[in-house]
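Observations on the model geometry
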Amino acid sequence: MNAPDLNLRPAGLPGELTTALSQHFGPRFTTALAVREQHGRDESPFDVPPPDAVVFAESTDEVAFVVAQAAAHRVPVIPYGAGSSLEGHLLAVQGGISLDVSRMNRVLQLHPEDLTVTVQPGVTRMQLNREIKDSGLFFPIDPGADASLGGMCATRASGTNAVRYGTMRENVLALEVVTASGEIIRTGTRAKKSSAGYDLTRLMLGSEGTLGVITEVTLKLHPLPESVAAAVCFFPDVASAVNTTIQVIQMGVPIARCEFLDAHAVRAVNAHDKLGLREAPMLLMEFHGSDASVKEQAATVQEIAAEWGGADFEWATTPEERTRLWTARHHAYLSGLQMKPGCRAVTTDTCVPISHLAEGVTAALADAEAAGLPHFVVGHVGDGNFHIAYLIDPALPEERDTAERLNDAVVQRALAAQGTCTGEHGIGLHKQGFLVEETGAGSVALMRAIKQALDPLGIMNPGKIFAA
């Protein structure tokens, strides 16, 4: 799939809008090319001209001012957080303003007695956990990158802990949102549940900036576990590693994290982080609970792994050892890019019912090997989600075409298994056609109607989710 046609893209901002933003924001409004280019590139393979301007907002009222001004001039607004998206979410395909909320990075209210916290959208997950560490609580959603929490809401992010703690969908209680008209609204409360009207919080989660700009987030927190242990285990083949995971989940073992790396991914993190791990299909697992429960979980998983040929269990029980292993896992994407210097990655992620996971991963790897493209697989296999990255030379269109053909095959297998075309990356520019296949034309028409009702001028991150 190619990026949308850019021939209709307008040139520059209206003079009146430029004047209003410049007067209001001073140096926090810029049209400098270097800043625009920084805000016009993510980790997707799409090449799109940068936005026409960048505004650095520092409050909800400033976000509302930008959106109201943009609406008055029918200029697109693209929310920007940490810039770590993979599917082209932040690209200015119709020009307009990149609205950077990274400076809105304060933890506003911590209620440890209720296990809740309210933050601005530019707070990152790692920052949040640093700031609340003395409370005995933590926020578990860990997509790998140190993403902003506003962006994690916008893409309904998941990650390594989702198998035990859920995704952003289960851990966001309330939002403050600036709508497409510049109005400030609140959705949800700090209560654990509500039956009051439509669930606008869940509507905004996963909307990819197409319905409004998230300016505050109220989150659930979780108690830090009494005991934590991590382990790596190596397998003779991919299917054995994935089948071990399937059996662990089916037996109800409350494992906190269960990550898969294929041999290529292990080789890449070894080179990047000097780990010296055996270069074979690997599971990286973590157990949370009391001392007794962690030992029981670990013993059960070791028994299951042994039945599938798992060997060389290596334990990490100190915080330093665990951090070293998980840092390597979080570096897997950047490590993988170094396998082919100068490359771009075409990435895809799917999620399937757990019983179909082994066949999906095995088939994806077989296809990639047959095609001859460098690639690597990592996966949150505990919840049926895996990612594969195809490394391409951006100067060779035939490599991009091959990667997209392989991506299509991965997605089609997931849909045939009643899974989804994306477990956590989102639709963005890359998977718009697959959204119709997965949900049906009627569902997409209903989504479009919601978009039209909430954003009648079409200024909120246009060109994303829906194909033209």
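The present account deals with the structure reproduced in this document. Note that residues are indexed from 1 along each chain, following the sequence as it is written. With the structure being a predicted model, the display of local features is reserved for residues of pLDDT at least 70 and the display and counting of side-chain atom pairs for 80 or more, all residues being used for whole-chain, interface and lining totals. Side-chain metrics in this entry use all non-hydrogen atoms of the structure; hydrogen atoms and water are not considered.

Let's shift gears to the overall build of the protein chain. In terms of helices and strands, the protein chain carries 17 helices and 18 strands. Based on C-alpha atoms, the radius of gyration is set beside the globule rule, defined as 2.2 Å times the residue count to the power 0.38. Over its C-alpha trace the protein chain gives a radius of gyration of 22 Å, about what one expects of a compact globule, namely 23 Å for 468 residues. A principal-axis box enclosing the C-alpha atoms of the protein chain has dimensions of 70 × 55 × 45 Å. Relative to all contacts within the protein chain whose residues are 6 or more apart in sequence, the contacts with residues 24 or more apart total 73%. Total accessible area on the protein chain stands at roughly 19,000 Å², and carbon and sulfur atoms take up 53% of it. Elements are defined by DSSP. Helices are runs of H or I of four residues or more, strands are runs of E of two residues or more, and each kind is numbered from the N terminus. For this analysis, residues touch if any pair of their heavy atoms sits within 4.5 Å. Each accessible area is a Shrake-Rupley estimate made with a 1.4 Å probe; only the visible protein chains count as cover when residues are assessed.

For the rest of this paragraph, the subject is a nonpolar patch on the surface. Residues L446, I450 and L454 make up a contiguous nonpolar surface patch of roughly 240 Å² in combined accessible area. Relative to the helices and strands, L446 is located in helix α17 (residues 441–454). Patches were defined on residues exceeding 30% relative accessible area and lacking a salt bridge, with like-charge contacts within 9 Å and nonpolar side-chain contacts (Val, Leu, Ile, Met, Phe, Trp, Tyr) within 5 Å. Just to be clear on terms, a salt bridge is a Lys or Arg side-chain nitrogen sitting within 4 Å of an Asp or Glu carboxyl oxygen.

With respect to topology, seven strands assemble into an open sheet ordered β15-β12-β14-β13-β17-β18-β16, the strand pairing being antiparallel. Each edge of the open sheet is held by one strand with a lone partner, namely β15 (311–316) and β16 (344–351). Direction aside, neighbouring strands of the sheet carry axes that sit 15° apart on average. At least two bridges found by DSSP between two strands is the condition for calling them paired. Only the stretch in contact is used when a helix axis is fitted, and all axes are lines through C-alpha atoms; the angle between N-to-C directions ranges over 0 to 180 degrees.

Attention shifts here to the packing of aromatic side chains. What counts as a ring pair is set by centres within 6.5 Å for rings of Phe, Tyr and Trp (its six-membered ring), and what kind of pair is set by the plane angle: stacked under 30 degrees, edge-to-face over 60, tilted for all other angles. Enumeration over the complete set of coordinates arrives at four aromatic pairs. A centroid spacing of 5.5 Å and a plane angle of 90° characterise the contact between F138 and Y165, whose relative ring orientation is edge-to-face. One end of the pair, F138, is in strand β7 (residues 137–138); the other, Y165, is in helix α6 (residues 162–165), with 27 residues separating them in the sequence. Given the relative accessible area of 11%, F138 is considered buried. Residue burial is assigned from relative accessible area. The probe radius is 1.4 Å, only protein chains are included, and a residue is buried under 20% of its type maximum, exposed over 50%, and partly exposed in between. Using a relative accessible area of 12% as the deciding quantity, one classes Y165 as buried. A connected cluster of aromatic rings, assembled from ring pairs, spans F287, F313 and W315.

So, on to helix α3 (residues 60–72). Expected helix span is computed as 1.5 Å times (number of residues minus one). Over its 13 residues, α3 runs 18 Å from end to end, which matches the ideal 18 Å to within 8%, given 1.5 Å per residue. Listed in full, the buried residues belonging to α3 are T60, E62, V63, A64, V66, V67, A70 and A71. Remark: R74 follows α3 within two positions and exhibits a positive phi of approximately 55°.

Our next topic: the packing of helix α16 (residues 432–439) against α17. Between α16 and α17, whose axes approach to 6 Å, the crossing angle comes to 120°. If you check the angle between α16 and α17, you find them oblique. Residue-level contacts link L435, V436 and T439 of α16 to A441, S443, V444 and M447 of α17. Side-chain classes are defined by residue name, with Ala, Val, Leu, Ile, Met, Phe, Trp, Tyr, Cys and Pro counting as nonpolar, Asp, Glu, Lys and Arg as charged, and the others, Gly among them, as polar. Considered class by class, the residues forming the contact of α16 with α17 number five nonpolar, two polar and no charged. Working rule for angles: under 35 degrees goes down as roughly parallel, over 145 as roughly antiparallel, 65 to 115 as roughly perpendicular, anything else as oblique.

For the rest of this paragraph, the subject is the nonpolar core. F260, L283, M285, L357, V361 and Y390 are the most contacted members of the largest nonpolar core, which has 41 residues in total. For this core, the element with the most residues is helix α14 (residues 357–371), which contributes six residues. Excluding its chain neighbours within four sequence positions, the residues that come into contact with L357 are V242, I246, V352, V381, G384 and F386. We define a nonpolar core as any set of buried Ala, Val, Leu, Ile, Met, Phe, Trp, Tyr and Cys residues linked to one another through side-chain atoms lying within 4.5 Å.

Okay, the pattern of salt bridges next. On inspection of all chains with the given rule, the structure shows 19 salt bridges. Here E176 ties to R186 by a salt bridge, and the two come within 2.8 Å at their closest N and O atoms. Of this pair, E176 sits in strand β8 (residues 172–179) while R186 sits in strand β9 (residues 184–188), and the two are ten residues apart along the sequence. Its relative accessible area of 5% is what places E176 among the buried residues. Between R400 and E404 there is a salt bridge, with its nearest N and O atoms 3.0 Å apart. Note that R400 and E404 are positioned in helix α15 (residues 397–416) at a spacing of four residues, about one turn of the helix. Residue R400 is classed as buried on the basis of its relative accessible area of 16%. What makes E404 buried here is its relative accessible area of 12%.

Taken by themselves, the reported measurements are silent on function.
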